[in-house]
Amino acid sequence: MYFTSENKSISLKNKEIWFKKWIVGKQTYEQISAESGYSVSTLQRYFNVMLSKAPKLSYSQNKEVYLLIDGTYFSNEICLVVYRDSVFKQTQLYRITDGEHYEELKEDLENILNLGIKIGGITCDGDKSLLKAIRKVCPKVPVQRCLVHIQRMCKIWLPAYPKSAAGFELREIVCKIHFIDNEVKKQYWIKEFLDWSEKHHEFLNEKSYSQETERYWHTHKMVRRCFSVIRKALPNMFMFLQNPKIPKTTNGIESFFGHLKGNLNIHRGLTKSRRKKFIQWYLFYRNLKS
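Worth saying up front: this structure is predicted, and the values here are computed from it rather than measured.

### Here we look at the overall build of the protein
On a plain count of helices and strands, the protein comes out with twelve helices and seven strands. In summary, the protein has a C-alpha radius of gyration of 24 Å against a globular reference of 19 Å for 290 residues, an excess of more than 25%. Among the 290 residues that make up the protein, the fraction classed as buried is 46%. With the model as given, the accessible surface of the protein reaches about 16300 Å², and the carbon-plus-sulfur share is 52%. Each charge class in the protein was averaged separately, 48 positive and 29 negative side chains, and the resulting centres sit 6 Å apart.

Here it is in structure tokens:
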């Protein structure tokens, strides 16, 4: 009886090693079966048992964290919001929901603070609900707007070769954002942007009129949209220059999401509930790996 119990314990421990590889190692049932010696059906039974429960996220509680906060969607059914420390590469909190909602984001930030965690800075893409939650819960925390996100959106709205001089000049200004790495370059860039906005003030405010609908609209919508995004983000675009621990982009968490989605796509047959559990186990193991 003693040896049977011990062998069973060893067997379960071995199976969990393979389960971890299935979650974070991009390995299929067939690959793990060939490597481990367990049959596919045995692995499926054990993995299904593991996916029926959710692990408790474990992490090293640091005195101060610099959070990357972002949400990502899985087939428009599942929204995962992650609060990840950029220094120690650990998820401090996560929420699996159906969207990025103010009340939930506010509650998450409150829970992080209630855990005794000090937030040294937050980097995000500028989601309105998240910015509102930050202002409510921790208004004194420095917020860095993701520079890559600003640049990416402006390049989508402005064509590679804008027809207007204003659009062409603004695109050139946008392309310089990622070169800013000190206070002097920052001041020169801000001056260039403000000079541009003053020069093209009339262009930005030009309106068109439809006699059919009797409505006005801004004639140069895309250029104006880029201008508005930068103008609103400007106070939070260069916080990273004051504190190098604050990331200037959310690239770290976007890469994290990309790896998770790549792993999950390998196991497309999972039900919605098991996909959620897969995500929870992935976050759990990645924290242990850090």
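### Details of the environment of Gln 27
Inspection of the secondary structure assignment puts Gln 27 in the loop between α1 (2-24) and α2 (29-36). Overall, the relative accessible area of 16% leaves Gln 27 in the buried class. In this structure, the C-alpha to C-alpha distance between Gln 27 and His 267, residues 240 residues apart in sequence, is 9.3 Å. Ignoring any residue separated from it by four or fewer positions in sequence, one finds Gln 27 in contact with Lys 21, Trp 22, Ile 32, Glu 35 and His 267. There is a polar contact of 3.0 Å between the side chain of Gln 27 and the side chain of Glu 35.

### Notes on the confidence of the model for the protein
Residues with a pLDDT of 70 or more make up 94% of the protein, whose mean pLDDT is 91. In the predicted structure, residues 1-8 sits below a pLDDT of 50 and forms zero contacts with residues beyond four places in sequence or in another chain.

### Description of the pairing of strand β3 (residues 90-97)
The buried count for β3 comes to seven of eight residues, which makes it a mostly enclosed element. Across seven bridges, strand β2 (residues 78-85) lies against β3 in antiparallel orientation. Bridging across to β3, Arg 84 finds its partner in Thr 91. In this antiparallel pair of consecutive strands, β2 and β3, the connection spans four residues, and Lys 89 shows a positive phi of 55°.

### Quick word on the pattern of salt bridges
Tallying each qualifying case throughout the model produces 13 salt bridges. We note a salt bridge from Lys 118 to Glu 64, for which the minimum N-O separation is 3.7 Å. Linking Lys 118 in strand β4 (residues 118-124) with Glu 64 in strand β1 (residues 64-74), this pair joins segments that are 54 residues apart in sequence. The salt bridge partner of Glu 192 is Lys 176, with a shortest N-O separation of 2.9 Å. Here Glu 192, found in helix α8 (residues 183-199), pairs with Lys 176, found in the loop between α7 (165-175) and α8; they are 16 residues apart in sequence, far enough to count as distant. A relative accessible area of 29% means that Glu 192 is categorised as partly exposed.

### Points about the packing of aromatic side chains
For any pair of aromatic rings, geometry is given as the distance between the ring centres together with the angle between the planes. Within this structure, the stated rule accounts for 20 aromatic pairs. Taken together through their ring pairs, the aromatic side chains of Phe 19, Trp 22, Tyr 29, Tyr 46, Phe 47, Phe 278, Trp 281, Phe 284 and Tyr 285 make up a single cluster. Positioned over the ring face of Trp 157 is Arg 225, at 5.3 Å from the centre of the ring.

### Concerning the sheet that holds β2
As summarised here, the arrangement of the five strands in space is β3-β2-β1-β4-β5, forming an open sheet in which the pairing is mixed. Edge positions in the sheet fall to β3 and β5 (143-145), since each has one partner strand and no second. Going across the sheet, the axis of each strand differs from the next one's by a mean of 20°, ignoring polarity. Against the sheet, helix α11 (residues 251-266) contacts β1, β2 and β3, and its axis sits at roughly 40° relative to β1.

Rules behind the numbers
The numbers attached to residues start from 1 for each chain and follow its sequence in the written order. A pLDDT threshold of at least 70 governs which residues receive local features in this predicted model, and a stricter bar of 80 or more applies before side-chain atom pairs are shown or counted, although totals over entire chains, interfaces and linings include all residues. Calculation of side-chain values draws on the structure's entire complement of heavy atoms; hydrogens and water are dropped beforehand. Secondary structure counts use DSSP, requiring at least four H or I residues in a row for a helix and at least two E residues in a row for a strand, with both numbered from the N terminus. As a reference, a globule follows 2.2 Å times the number of residues to the power 0.38, and the radius of gyration itself is taken over C-alpha atoms. Only protein chains enter the calculation, and the probe is 1.4 Å; a residue is then buried if its accessible area is under 20% of its type maximum, exposed if over 50%, and partly exposed in between. The Shrake-Rupley method, run with a 1.4 Å probe sphere, supplies the accessible areas, and residue values consider only the shown protein chains as cover. Here the positive residues are Lys and Arg and the negative ones are Asp and Glu; neither His nor the chain ends is included. Positions of charges follow a simple convention, taking NZ of Lys, CZ of Arg, CG of Asp or CD of Glu. Contacts are assigned to residue pairs that have any heavy atoms within 4.5 Å of one another. What qualifies as a polar contact is a pair of N or O atoms within 3.5 Å, subject to a donor-acceptor requirement within protein and to the restriction that residues adjacent in sequence count only when both atoms come from side chains. Residue-level confidence of the predictor is what pLDDT reports, using numbers from 0 through 100. DSSP bridges decide pairing: two strands pair if at least two such bridges lie between them. Throughout this description, the term salt bridge denotes a Lys or Arg side-chain nitrogen within 4 Å of a carboxyl oxygen of Asp or Glu. Pairs were defined over the aromatic rings of Phe, Tyr and Trp, the Trp ring being its six-membered one, requiring ring centres within 6.5 Å. Orientation was assigned from the angle between planes: stacked under 30 degrees, edge-to-face over 60, tilted for the rest. For a lysine, the NZ atom is tested; for an arginine, the CZ atom; a charge sits over a ring if that atom is within 6 Å of the ring centre and within 35 degrees of the ring normal. Under this scheme, a helix contributes an axis fitted over its contacting stretch, all axes are lines through C-alpha atoms, and angles between N-to-C directions fall in the 0 to 180 degree range.

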